[in-house]
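Coordinates in review
Below are the chains, spelled out letter by letter.
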Amino acid sequence: MVRSSASGTVRSRTRTRKTDDGMAGAAEQESIFLAELGRRVRHARTVRGLSRKLLSQTSGLSERYIAQLESGQGNVSIILLRRVADAMGVRLDDMITVQDTPPDWHVIRDLLATASAEQITLAKGILSGHATANGETPMPRVALVGLRGAGKSTLGRRVAERLGWTFIELNAEIERENALSVKEIFAIYGQEGYRRLEQAALRRLTEHPGPMILATSGGIVAEPLTYDLLLQAFFTVWLRAKPEEHMQRVRDQGKLATTGDHASAMQELRAVLLSREPLYARAPAVVDTSDVPLEEMIDRLAAVIDARFGSADYRRSA
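Here we summarise the structure given alongside this text. Just so it is clear, the model here is predicted, and its values are computed rather than measured.

Here we come to the side chain of Ser290. Its location among the elements puts Ser290 in the loop between β5 (285-288) and α14 (294-309). For Ser290, the side chain forms a polar contact with the main-chain nitrogen of Lys242, separated by 2.9 Å. In this structure, Ser290 is in contact with Arg240, Ala241, Lys242, Glu245 and Arg249, ignoring residues within four places of it in sequence.

What follows is about the packing of aromatic side chains. Using the criterion set out here, one finds 4 aromatic pairs in the structure. Connected via pairs of aromatic rings, a cluster forms that spans Trp165, Phe235 and Phe309. The ring of Trp238 carries the charged tip of Arg240 above its face, separated from the ring centre by 5.3 Å. It is Arg308 that lies over the ring of Phe309; its NZ or CZ is 5.8 Å from the centre.

Attention shifts here to unusual backbone geometry. In the Ramachandran plot, Ala179 falls in the positive-phi region, its phi being about 55° despite a non-glycine side chain. As for its position among the elements, Ala179 is in the loop between α9 (170-178) and α10 (182-205).

Moving on: the environment of Gly210. One can find Gly210 in the loop between α10 and β3 (212-215). Taking the C-alpha atoms as reference, Gly210 lies 8.0 Å from Arg141; in sequence the two are 69 residues apart.

Another point: the layout of surface pockets. Of the pockets and cavities examined, the largest pocket occupies roughly 1500 Å³. As for the largest pocket, its lining consists of 45 residues, and the residues nearest its centre are Gly49, Arg148, Gly218, Gly219 and Arg276. When residues of the lining of the largest pocket are traced back to their parent elements, those giving at least two are α2 (52-59), α8 (152-163), α9, α10, α12 (243-252) and α13 (262-280). Of the residues forming the lining of the largest pocket, the biggest block, 7 residues, is contributed by α10. When its residues are assigned to classes, the lining of the largest pocket shows 18 nonpolar, 16 polar and 11 charged.

Let's shift gears to a nonpolar patch on the surface. The grouping of Trp105, Ile108 and Leu112 at the surface amounts to a nonpolar patch, some 260 Å² of accessible area in total. With respect to the helices and strands, the residue Ile108 is situated in helix α6 (residues 105-114).

Here α14 is 16 residues long and its end C-alpha atoms lie 23 Å apart, about the 22 Å a rise of 1.5 Å per residue gives. Among all positions of α14, only Met297, Ile298, Leu301, Ala302, Ile305 and Phe309 are buried. Along α14, the residues classed as buried sweep out an arc of 125° about the axis, all on the same side. Elements in contact with the buried residues of α14: β1 (141-145), α8, β3, β4 (235-240), α12 and β5. Phi for Gly310, located one or two positions after α14, is positive at around 60°.

A few words now on the sheet that holds β1. Reading across from one edge, β2-β3-β1-β4-β5 is the order of the 5 strands in this open sheet, with parallel pairing throughout. The sheet is open, and its two edges are formed by β2 (166-169) and β5, each paired on a single side. For this sheet the average axis-to-axis angle between neighbouring strands, irrespective of direction, equals 25°. In this sheet, β3 lies alongside β1 in parallel orientation, the contact comprising 4 bridges. Within the sheet, the bridge partner assigned to Val142 lies in β3 and is Ile213. Sheet strands touched by helix α11 (residues 224-233): β1, β3 and β4. Its angle to β1, the strand with the most contacts, is close to 140°.

Before going further, it helps to spend a moment on the packing of α2 against helix α3 (residues 63-70). Packed helices, taken two at a time, are described by their axes: the angle between them and the distance between them. Two elements in contact, α2 and α3, have axes whose closest approach is 9 Å; the angle formed by their N-to-C orientations is 115°. One way to sum up the angle between α2 and α3 is to call them roughly perpendicular. Here the hand of the crossing between α2 and α3 comes out right-handed. Every residue of α3 that contacts α2 at Arg52, Lys53, Leu55, Ser56 and Ser59 is listed here: Glu63, Ile66, Ala67 and Glu70. For the contact of α2 with α3, the residue count by class is 3 nonpolar, 2 polar and 4 charged.

The rules behind the values
- Residues numbered from 1 in each chain as written.
- Predicted model: local features only at pLDDT ≥ 70, side-chain atom pairs only at ≥ 80, totals over all residues.
- Heavy atoms only, no water.
- Helix = DSSP H or I, 4+ residues; strand = E, 2+ residues; numbered from the N terminus.
- Polar contact = N/O pair within 3.5 Å; in protein donor to acceptor, adjacent residues only side chain to side chain.
- Contact = heavy atoms within 4.5 Å.
- Phe/Tyr/Trp six-rings, centres within 6.5 Å; stacked < 30°, edge-to-face > 60°.
- Lys NZ or Arg CZ within 6 Å of the ring centre and 35° of its normal.
- 1 Å grid on protein atoms, 1.4 Å probe; cavity = no way out; pocket = protein on both sides within 12 Å on 5 of 7 lines; lining within 4 Å.
- Points joined across faces, edges and corners; volume = space filled by probe spheres on them.
- Nonpolar A, V, L, I, M, F, W, Y, C, P; charged D, E, K, R; others polar.
- Patch = residues over 30% accessible without salt bridge, like charges linked within 9 Å, V, L, I, M, F, W, Y side chains within 5 Å.
- Areas by Shrake-Rupley, 256 points an atom, 1.4 Å probe, with all protein chains shown as cover.
- Salt bridge = Lys/Arg side-chain N within 4 Å of Asp/Glu carboxyl O.
- Expected span 1.5 Å × (residues − 1).
- Buried < 20%, exposed > 50% of the residue type's maximum accessible area, 1.4 Å probe, protein only.
- Arc of directions from axis to C-beta.
- Pairing = 2+ DSSP bridges.
- Axes fitted to C-alpha atoms, helices over the stretch in contact; angles between N-to-C directions.
- Parallel < 35°, antiparallel > 145°, perpendicular 65-115°, else oblique.
- Left-handed = near helix turned anticlockwise from the far one by under 90°.

In structure tokens:
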């Protein structure tokens, strides 16, 4: 009986040890999940150029909670996380998916949601290797992407004038179509509403006849479906510059206060640029606008367009 009691005690201790190990393993997995969740929230915020303060105001949550969430220390409530996701215009499932997904997964998922049965059949045929997509002749349409201060409007307009092409600013097109300023659109519809109007305006511009240069907003790359549409319908060029030049150009345009915490503003700009660089890099062409005079920037962009389209063939007759 003593041996039986001792044996039972050993088994009990073994079960307890296994239970403790299981709980420790579960706690470790939860810690990993929270850290990854925090990284995704932080990335979604910075790629959209939102400060913690602005996200706090939009979501109605404290900056402290958002900071804890981003650091992986948050006591996550699904309702509060949903409010954070809604404030950024991000799908909740994008925040909590456990495994990494392919870069184009969000685009494919959104396209499948509205695809016809015939389109889905064709897509499955292509993905399985049983069909091929037909190539199309490139249209003389150019889109410029980059952070604010990259020179999208200035260079786009000047090069369009040189080539005799149409120049359009996407934000101006959105304002014209909705009879509201971008600031008013954000105030009324929020980030998600603006992005929806942005995509609708872009779709209409893909039907624009004749050659054109389009200047986009800096954050268009943060919306997978919209950015994919841009890459498919336009020859997209990333206007790249150093963070210091971005900041100075915005100040020169009078769109940023000359006083305040410059170091903090620069830190935020660097974070946004760092988070968006892999997205900007999806553009098939890059024009570096750092440390060169304006006329050279114009020459560089015009040369890239000419190399792509042989732009002389598309010049308007005088």
